[in-house]
Amino acid sequence: MDQEMNSPFRYAGGKFYARKLILEHVPYHSCYVEPFAGGSSIFFAKVKAERNWLNDIDDELINCLMVIRDYPEKLIDRLKSEKATKERHSYYKNIFKPETELDYAVRWFYLNRTSYSGIMNRQNCYFGYGDKYSMRPENWPRNILRTSVKLQNVKLTALDFEEVIENVEDGAFLFVDPPYFNADQDKFYTHFFKKEDHFRLCDVLKRNNNRIKFLLTYDNSPEIRKLYKWVHSLHEKEWNYTLNRTDDQKNGTDRKGTRYKGRELFIVNYDSVKQGSLPLPLFAHKTLKDV
Ligand SMILES: C[S@@+](CC[C@H](N)C(=O)[O-])C[C@H]1O[C@@H](n2cnc3c(N)ncnc32)[C@H](O)[C@@H]1O
């Protein structure tokens, strides 16, 4: 059974709100790979390919996906009587000492579903659950089961992206969604992505350019435009998103429906011009003079 569904996780920097725009650019493929999977919102939003590979350097995230794939009932059993409260959040964050892979998955799933924006970086992981806006614990089991179905036969690894990209099969399609180049996104993730890592990513994509197709998403910055001037085309994209709830533990505010704009570059090494999406010349951006 194949289902187009939402990610089981809340994920900072996730592409949930951009999924329709991204899916318009996805070419035909039989092998699908995400070297920076995070919440894998594109994998979950699309029809499953014949072969699929999700990778993220965050081994606790990947362990949680593995447990969902292979032992959904055990995870459900451990979570079924949980309540989403500050006390339980604090228990899992500060007191609970995981010993087994299942323990780690229980902690990861609980904290992800109950933390503000799903931020798992310990220093920025605060309780952020509201009955009106978050998935309620009584719905977690159904979500875990659906996710488990979709993850069957999916390859899951916790490697550095370079090892993945060098080893994907010829003709694979890669959705590449690294941390932003110019942003403090690193406060969200458990592994720090350095400037050298961005250059390393550019090099490995260039080395494999002739044997794979990739759609790379990045913040719209002059440095990235310059770095990727060798790629087939570049699209400037904008989308709206709404944060239904911010539950900031420090001031207890509950702002509903705050609107934001996502602005990014889609960098693709194949022909993907779609209705309403005009490719831009690489040097058309006015801020390029700042490079
Ligand atoms: C922007 S997020 C991906 C979001 C994802 N596309 C989604 O929709 O949820 C970037 C991810 O890259 C991962 N990451 C950071 N450094 C990495 C590395 N060296 N190799 C692989 N993954 C890495 C982070 O753990 C994070 O999950």
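Residues numbered from 1 in each chain as written. Predicted model: local features only at pLDDT ≥ 70, side-chain atom pairs only at ≥ 80, totals over all residues.

## Regarding the environment of Asn55
Here is step 1 of the chain: Relative to the helices and strands, Asn55 resides in strand S2 (residues 51-55).
Here is step 2 of the chain: Residues Asn55 and Gly38 lie 17 residues apart in sequence; the distance between their C-alpha atoms is 8.2 Å.
Here is step 3 of the chain: Other than its neighbours up to four places away in sequence, Asn55 contacts Glu34, Pro35, Ala37, Thr157, Leu159 and Val164. (Helix = DSSP H or I, 4+ residues; strand = E, 2+ residues; numbered from the N terminus. Contact = placed C-beta atoms within 7 Å.)

## Observations concerning the nonpolar core
Here is step 1 of the chain: Ranked by internal contacts, the top residues of the largest apolar core, which has 57 residues, are Cys64, Leu174 and Leu215.
Here is step 2 of the chain: When near neighbours in sequence (up to four residues on either side) are disregarded, Cys64 contacts Ala105, Trp108 and Phe109. (Core = buried A, V, L, I, M, F, W, Y, C linked by C-beta atoms within 7 Å. Buried ≥ 20, exposed ≤ 12 C-beta atoms within 10 Å, placed from the backbone.)

## Remarks on the pairing of strand S1 (residues 31-34)
Here is step 1 of the chain: Both S1 and S2 contribute to a ladder of four bridges, which runs parallel. From the neighbouring strand, Cys31 faces S2, where its bridge partner is Arg51.
Here is step 2 of the chain: The sheet contact formed by S1 and strand S4 (residues 173-176) spans two bridges and is parallel. Note on S4: the bridge partner recorded for Tyr32 is Phe173. (Pairing = 2+ DSSP bridges.)

## Describing the confidence of the model for the protein
Reading fine detail from the predicted coordinates is not recommended where pLDDT is low.
Here is step 1 of the chain: Here the protein averages 86 in pLDDT, while 85% of its residues score no lower than 70.
Here is step 2 of the chain: A low-confidence stretch, residues 245-255 (pLDDT under 50), is modelled with 15 contacts involving residues beyond four sequence positions or located in other chains. (pLDDT = per-residue confidence, 0-100.)

## Considerations on the packing of helix H3 (residues 59-70) against helix H7 (residues 140-151)
Here is step 1 of the chain: It is at 7 Å that the axes of H3 and H7 come closest, and there the two elements cross at 90°. As far as their axial angle goes, H7 and H3 are roughly perpendicular. Between H3 and H7, the residues in contact are Leu65, Ile68 and Arg69 and Ile144, Thr147, Ser148 and Leu151, respectively. (Axes fitted to C-alpha atoms, helices over the stretch in contact; angles between N-to-C directions. Parallel < 35°, antiparallel > 145°, perpendicular 65-115°, else oblique.)

## Remarks on the environment of Ile42
Here is step 1 of the chain: Its location among the elements puts Ile42 in helix H2 (residues 41-45).
Here is step 2 of the chain: Taking the number of C-beta atoms within 10 Å as the measure of exposure, Ile42 has 23 and is therefore buried.
Here is step 3 of the chain: Each C-alpha atom, one on Ile42 and one on Lys15, is 7.0 Å from the other, the two residues being 27 residues apart in sequence.
Here is step 4 of the chain: Other than its neighbours up to four places away in sequence, Ile42 contacts Lys15, Arg19, Ile22, Glu34 and Phe175.

## Here's the deal with H3
Here is step 1 of the chain: Taking 1.5 Å of rise per residue, the twelve residues of H3 would be expected to cover 16 Å, and the 16 Å separating its terminal C-alpha atoms lies within 8% of that figure.
Here is step 2 of the chain: Turning to H3, the residues buried within the fold contact S2, helix H4 (72-79), helix H6 (101-114), H7 and strand S3 (155-157). (Expected span 1.5 Å × (residues − 1).)

## Some remarks on unusual backbone geometry
Here is step 1 of the chain: Positive phi values are uncommon outside glycine, yet Ser40 reaches one of about 50°.
Here is step 2 of the chain: Within the secondary structure, Ser40 sits in the loop between S1 and H2.

## Section: the packing of H3 against H6
Here is step 1 of the chain: Interhelical geometry of H3 versus H6 gives an angle of 105° and a closest axis separation of 8 Å. By the angle class used here, H3 and H6 are roughly perpendicular. Listed contacts from H6 to Glu60, Leu61, Asn63, Cys64 and Val67 of H3 are Glu101, Leu102, Tyr104, Ala105, Trp108 and Phe109.
Here is step 2 of the chain: Counted by class, the contact of H3 with H6 contains eight nonpolar, one polar and two charged residues. (Nonpolar A, V, L, I, M, F, W, Y, C, P; charged D, E, K, R; others polar.)

## What to know about the pairing of strand S5 (residues 213-219)
Here is step 1 of the chain: Summarising burial for S5: five of the seven residues are buried, a large majority.
Here is step 2 of the chain: Bridge analysis of S4 against S5 gives four bridges, and the strand direction is parallel. What sits directly across from Leu174, in S5, is Phe214.

## Some points on the environment of Gly14
Here is step 1 of the chain: Along the chain, Gly14 turns up in the segment before helix H1 (19-23).
Here is step 2 of the chain: Through-space distance from the C-alpha of Gly14 to that of Ser41 is 6.6 Å; in sequence the pair is 27 residues apart.
Here is step 3 of the chain: Every residue in contact with Gly14, bar those within four places of it in the chain, is listed here: Ser7, Gly38, Gly39 and Ser41.

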